[in-house]
Amino acid sequence: MGETHDPTSADSYSLTEDEVEPKLKYVRLSNDLKNILSEEAISCIAVHPRFLCLGTHWGRIHMLDHQGNSVHTMVNVKDNVHILSVNSISVDSKGEHIATCSDDGKVMISGLYSDENNQQLSTGKIVKAVELDPIHYRSGSGRKFIIGDSKLVLYERTFIKGLKSTVLSHSEGQVTAIKWNGQFVAWASTLGIHVYDLNEKCSLGFIQWEEPRGGKLSDYRCNLNWSNSTTLLIGWVDTVRICVIRKRNAVEVSTRNLPAHIVDPMSTFQTDFYICGIAPLESNQLVILGYSKDRDSETNKALRPILCVLQYNASDYIEICTDSLSMRGYEEYKCDDYHLDCLIDENQYFIVSPKDVVVANLYETDDRVQWLIEHGKFEQAMEVITKHGGKYSLITVARLYLDHLLSLQQYDEAAKMCTRVFGTDKQLWEEEVYKFVKVKQLRSVSAYIPVNEANKLNPHVYEMVLYEYLQLDPVGFLRLVKEWPPTLYNTKAVINAINDHFNKKDANLLLEALAILYSHEREYDRALTMYLKLQHKDVFELIATHELYGMIKDTIVQLIELDSERAISMLLKQKSIPPEEVVRELESDQQYLFRYLDAYDKTNTSGKFHRQLVPLYAHYEPEKLLPFLRRSNNYPIQEAYDICRQRLFYPEMVYLLAKMGSTREALTIILHNLKDVSMAIDFCKEHDDMDLWEDLINESVNKPHVMTKLLDSVAGFINPELLVNRIQPGQEIVGLKSSIIKMLCGYSLQVAIQEGCHEILVSDYFSLHERLVHSQQGALTLSADHTCGVCRRDLIVKDSNTRTDVIMFNCKHFFHGHCLPDKYNVEFCIVCKSKK
């Protein structure tokens, strides 16, 4: 834990260093207190928000402010309030009166600003504890106070200014401690703790305390404190107990005649040290001043006292932090020589030894941040600032954190921290990025600096990053050139840097970077040259992006060699280079020419280059030649046939011969070269030429297996008698019977189908003829819209003098009777020449 004093001074005290974040910070009181302690030793303390009240073993009372300066009050005027050690001091809630007691048997009630209500009581007994009514300052309150010797006695001032005493309870031995809280008073005897209800004038219960091993309870001071109006904290020997005062339920009170309140133990646990004082902190947290049970192994003297912050539950506790305090003369002190008092609302804790007063305060936000920074916990410090604010700014801590990470060579973590804290703050980035320059670690921060147009930094920053990569990491340099927008930096400056640091080892990387940079500079011819030199496929993207088709006329072969599929696809899509020029460029490499023309033919149906495609298909993909020959009519057949004949492509020769009309020659190739009877039969069926059938039959006469296939297939194409008559008597033909039966069945089926079709045809003829006659016998409509086919006048008129006959032909042409030269002898319509 950090100290707030000069550790080399005589007044310094030390705290154990721990990596656990502390809860408290410490300040030793000095000023006038220093002079007091040079002569006297403190025996007890009482703390009020306005002052401190110290009792000494010389029987004196000293009033001080919270910085250790003497405060002038009427109490300070007196040299000695008591003649023996002051045992206890109590202050009313307003800080106007104090009560003190001593072994001399006296109890003194003193006004700090007026002696009107001062009182002095001599009991003749040792008084260890005194407690003022918290509202003692009120004039009508009775000016009450309680003292403890062998019993607990309440004193109050009567109307005639006399003191009235009331014994509240008899004690099991000496009363050692009293704490007054509203209507409740907690007090300790030599056996345990009582809680008394002043309103009901009864005890709420007795908490008996277990005797310590190897000692007596009376050897240890009982430490009492109220954390709120109903919660009592007890620390005695090495045991802590938290009790809560609650109201009983109405049924329990009425039936058993019990007090309205009851004391319930809520938590009890044992510590590893003796307890010198106890005070509340936060919910379920306590601050305990402890005295070690162990002794120094070398000198057998006492160890430093500890201040422990812990969080308790029903029967145990968790230690949050423990600070070891080096108080002056701690080696000679006993457990009861230490005292702890607190200001609950201000979270201030006053640790007192005979020769020292130390004030502990809760760590505030700024204290926490400072401690975290001093201990290198910058992440936690930034979290505290983000959540609670304070005098430290997030940027200030971030800069310190950055320096810390760089000193540890944790460059990636430093870069990530920058982007998290600095964000898109241009000024901060430009200020802090130079720290990475000094350690040559701009590469670590390159992935995090702002690169968007709205928040871009000075171009010099990006150029420095690129320059470092160029020198130390060419691969990373190329990656950044690809990723970063060219508007971030001066591309010409980077090009010059590459030229200045060019080396053969990284030539490919640097040439690719140059190609990208030249394209940024719109020097596309240089970029294109670089890519082609590297044989890099990004050249296609460069050409497409910037439409450099006019520049690639002389590089077509190189592009196809690099990636034939992409190059051909690009050449087919663009219109800057005519296909004729592409073909001319590729004539030196027939394979590339074939790939181009094959792809071109799929996108263009004009058949422009089909003549060139025939030999190319024959050479590179013969399986595609026949489909091509079938679908195209844009090639010279004789040339194609000659190519196929040279390569003995018989199916293609058959097709071409048939196309040229040489079907008998084609059949010969099928029978003698391909030896495919089925194909020969299909060929004859396709062309339906009797001469072909004759040739096929002649070829099949001496081949029984061929004859069988013919018998199975000729039905419906030729007269089966022609084939059957060629069979020689005694000739053995396997399956002849079944083939003839099949042929006859097929023939019979064909005859039956023809007869059925004939019947349907005759039936349809008569049906349609009947419908025609019926339609022609029906009436025909003559409307006012019809006109004469000769004079073009209306056929229907209202004037009876101009009425005439109307003649109509079956073709639906109408005429006036007088418009035809000889209406009774006209055989044909004069318009369409159809019969009357």
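As shown above, the structure is provided for reference.
Residues numbered from 1 in each chain as written. Predicted model: local features only at pLDDT ≥ 70, side-chain atom pairs only at ≥ 80, totals over all residues. Heavy atoms only, no water.

The helix and strand tally for the protein chain stands at 29 helices and 29 strands. Scaling as 2.2 N^0.38, a compact globule of 836 residues should have a C-alpha radius of gyration of about 28 Å, whereas the protein chain reaches 60 Å, well beyond that. Overall, the C-alpha framework of the protein chain stretches about 170 × 90 × 85 Å when taken along its three principal axes. The buried share among the 836 residues of the protein chain stands at 46%. Taking all contacts inside the protein chain whose residues are at least 6 apart in sequence as the whole, residues at least 24 apart take part in 48%. Surface accessibility of the protein chain: about 43,500 Å² in total, with carbon and sulfur atoms responsible for 49%. The average position of the 90 basic charges and that of the 113 acidic charges among the side chains of the protein chain differ by 4 Å. (Helix = DSSP H or I, 4+ residues; strand = E, 2+ residues; numbered from the N terminus. Rg over C-alpha atoms; globule rule 2.2 N^0.38 Å. Buried < 20%, exposed > 50% of the residue type's maximum accessible area, 1.4 Å probe, protein only. Contact = heavy atoms within 4.5 Å. Areas by Shrake-Rupley, 256 points an atom, 1.4 Å probe, with all protein chains shown as cover. Lys, Arg positive; Asp, Glu negative; His and termini not counted. Charge placed at Lys NZ, Arg CZ, Asp CG, Glu CD.)

Attention shifts here to helix 20 (residues 610-620). Taken together, the buried positions of helix 20 are occupied by H610, L613, V614, L616, Y617 and A618. Looking at the buried positions of helix 20, the neighbouring elements they touch are helix 19 (590-603), helix 21 (625-631) and helix 22 (637-646).

We now examine the pattern of salt bridges. Going through the model one piece at a time under the given rule, you end up with 28 salt bridges. The salt bridge involving K23 is made with E282; its shortest N-O contact spans 3.6 Å. Placement of K23 in the segment before strand 1 (24-28) and of E282 in the loop between strand 21 (273-280) and strand 22 (285-292) is noted, with a sequence separation of 259 residues between them. Using a relative accessible area of 41% as the deciding quantity, one classes E282 as partly exposed. As a salt-bridge pair, R611 and E639 come within 2.4 Å of each other at their nearest N and O atoms. Here the residue R611 occupies a position in helix 20, and E639 occupies one in helix 22, the gap between them amounting to 28 residues. (Salt bridge = Lys/Arg side-chain N within 4 Å of Asp/Glu carboxyl O.)

This part covers the sheet that holds strand 5 (residues 86-91). Spatial strand order, 5-6-7-8: four strands in an open sheet with antiparallel pairing. Because the sheet does not close on itself, it has two edges, and the strands there are strand 5 and strand 8 (119-122). Along the sheet, successive strands turn relative to each other by an average axial angle of 10 degrees, direction set aside. In this structure, strand 6 (residues 97-102) lies alongside strand 7 (residues 106-111), joined through five bridges in antiparallel fashion. Within strand 7, the position partnered with A99 by the bridge is I109. (Pairing = 2+ DSSP bridges. Axes fitted to C-alpha atoms, helices over the stretch in contact; angles between N-to-C directions.)

Here the structure, examined in full by the defined rule, presents one cavity of 30 Å³ or more. Forming the boundary of the largest cavity are L597, Y600, D601, N604, G607, K608, F609, H610 and L613. Among the elements of the structure, helix 19 and helix 20 are those that each provide at least two residues to the lining of the largest cavity. Sorting elements by how many residues they give to the lining of the largest cavity places helix 19 first, with three residues. (1 Å grid on protein atoms, 1.4 Å probe; cavity = no way out; pocket = protein on both sides within 12 Å on 5 of 7 lines; lining within 4 Å. Points joined across faces, edges and corners; volume = space filled by probe spheres on them.)

Turning our attention to the packing of helix 24 (residues 663-674) against helix 25 (residues 677-687). The description of two helices packed together rests on the angle between their axes and the distance between the axes. Between helix 24 and helix 25, whose axes approach to 9 Å, the crossing angle comes to 165 degrees. Put simply, helix 24 runs roughly antiparallel to helix 25. When you trace helix 24 past helix 25, the crossing you get is right-handed. Along the contact surface, helix 24 presents T663, A666, L667, I670, L671 and L674, while helix 25 presents M679, A680, F683, C684 and H687. The class makeup of the residues in the contact of helix 24 with helix 25 is nine nonpolar, two polar and no charged. (Parallel < 35°, antiparallel > 145°, perpendicular 65-115°, else oblique. Left-handed = near helix turned anticlockwise from the far one by under 90°. Nonpolar A, V, L, I, M, F, W, Y, C, P; charged D, E, K, R; others polar.)

Tracing the backbone through its elements, the reader meets W209 in the loop between strand 16 (202-208) and strand 17 (223-226). Judged by relative accessible area, W209 falls into the buried class, the value being 7%. A sequence separation of 553 residues divides W209 from V762, and the C-alpha atoms of the two residues are 132 Å apart. Not counting residues within four places of it along the chain, the set of residues in contact with W209 comprises L191, G192, I193, L217, I234, W236, T239 and R241. A distance of 3.4 Å separates a polar side-chain atom of W209 from the backbone oxygen of W236. (Polar contact = N/O pair within 3.5 Å; in protein donor to acceptor, adjacent residues only side chain to side chain.)

Take the pairing of strand 1 next. Of all five residues that make up strand 1, four are buried, and the element is covered over most of its length. Note that strand 1 and strand 27 (residues 356-362) share five bridges and pair antiparallel. The partner of V27 across the bridge, within strand 27, is V359.

So, about the packing of helix 10 (residues 459-472) against helix 11 (residues 474-483). The interhelical angle for the contact between helix 10 and helix 11, taken along N-to-C directions, is 145 degrees, at an axis separation of 6 Å. Of the residues in helix 11, those in contact with V465, L466, Y469, L470 and L472 of helix 10 are P474, G476, F477, R479, L480 and V481. When its residues are assigned to classes, the contact of helix 10 with helix 11 shows nine nonpolar, one polar and one charged.

Bringing the sheet that holds strand 22 into the picture now. Strand pairs in the sheet, formed through backbone hydrogen bonds, run parallel or antiparallel to each other. Within the open sheet, the four strands sit side by side as 21-22-23-24. Their pairing is antiparallel. The open sheet terminates on both sides in strands that have one partner only, identified here as strand 21 and strand 24 (317-324). Across the sheet, the axes of successive neighbouring strands diverge by a mean angle of 25 degrees, strand direction being ignored. Pairing between strand 21 and strand 22: seven bridges, direction antiparallel.

This next bit is on the packing of aromatic side chains. Within the structure shown, the criterion is met by 18 aromatic pairs. Consider the rings of Y220 and Y274, whose centres lie 5.1 Å apart with planes at 35 degrees: the pair is tilted. One end of the pair, Y220, is in the loop between strand 16 and strand 17; the other, Y274, is in strand 21, with 54 residues separating them in the sequence. The class of Y220 is buried, set by a relative accessible area of 18%. Between Y333 and Y338 the ring centres are 5.8 Å apart and the planes differ by 80 degrees, which places this aromatic pair in the edge-to-face class. For Y338, a relative accessible area of 0% puts it in the buried group. Chaining the aromatic ring pairs together yields one cluster made of F594, Y617, Y620, F628 and Y635. Between R241 and the ring centre of W209, over which it is positioned, the NZ or CZ distance is 5.3 Å. (Phe/Tyr/Trp six-rings, centres within 6.5 Å; stacked < 30°, edge-to-face > 60°. Lys NZ or Arg CZ within 6 Å of the ring centre and 35° of its normal.)

Looking now at the pairing of strand 4 (residues 61-64). Along strand 4, one buried face is formed by I61 and M63 and the opposite face, lined by H62 and L64, is buried too. Relative to strand 4, strand 3 (residues 51-56) runs antiparallel, the two being bridged by four bridges. Bridge pairing in strand 4 places G55 opposite I61.

Another aspect to go through is the nonpolar core. Counting residues in each nonpolar core, the largest one holds 126 residues, and the members touching the most others are F477 and L629. Per-element tally for this core: the top contributor is helix 13 (residues 507-520), with eight residues. With sequence-adjacent residues up to four places away left out, L629 is seen in contact with V614, Y635, A640, C644, E652, Y655, L656 and K659. (Core = buried A, V, L, I, M, F, W, Y, C linked by side-chain atoms within 4.5 Å.)

This part takes up the state of the cysteines. Taken as a whole and judged by the stated rule, the model has zero disulfides. In this model C788 remains outside any disulfide bridge; the closest cysteine sulfur is found in C791, 3.7 Å from its own. By relative accessible area, C788 is classed as buried at 0%. (Disulfide = S-S within 2.5 Å.)

A word on unusual backbone geometry. Although it is not a glycine, R522 adopts a positive phi angle of roughly 65 degrees. Secondary-structure assignment places R522 in the loop between helix 13 and helix 14 (524-534). Judged by its relative accessible area of 65%, R522 is exposed. Even without glycine at this site, R792 takes up a positive phi of about 65 degrees. Judged by relative accessible area, R792 falls into the exposed class, the value being 59%.

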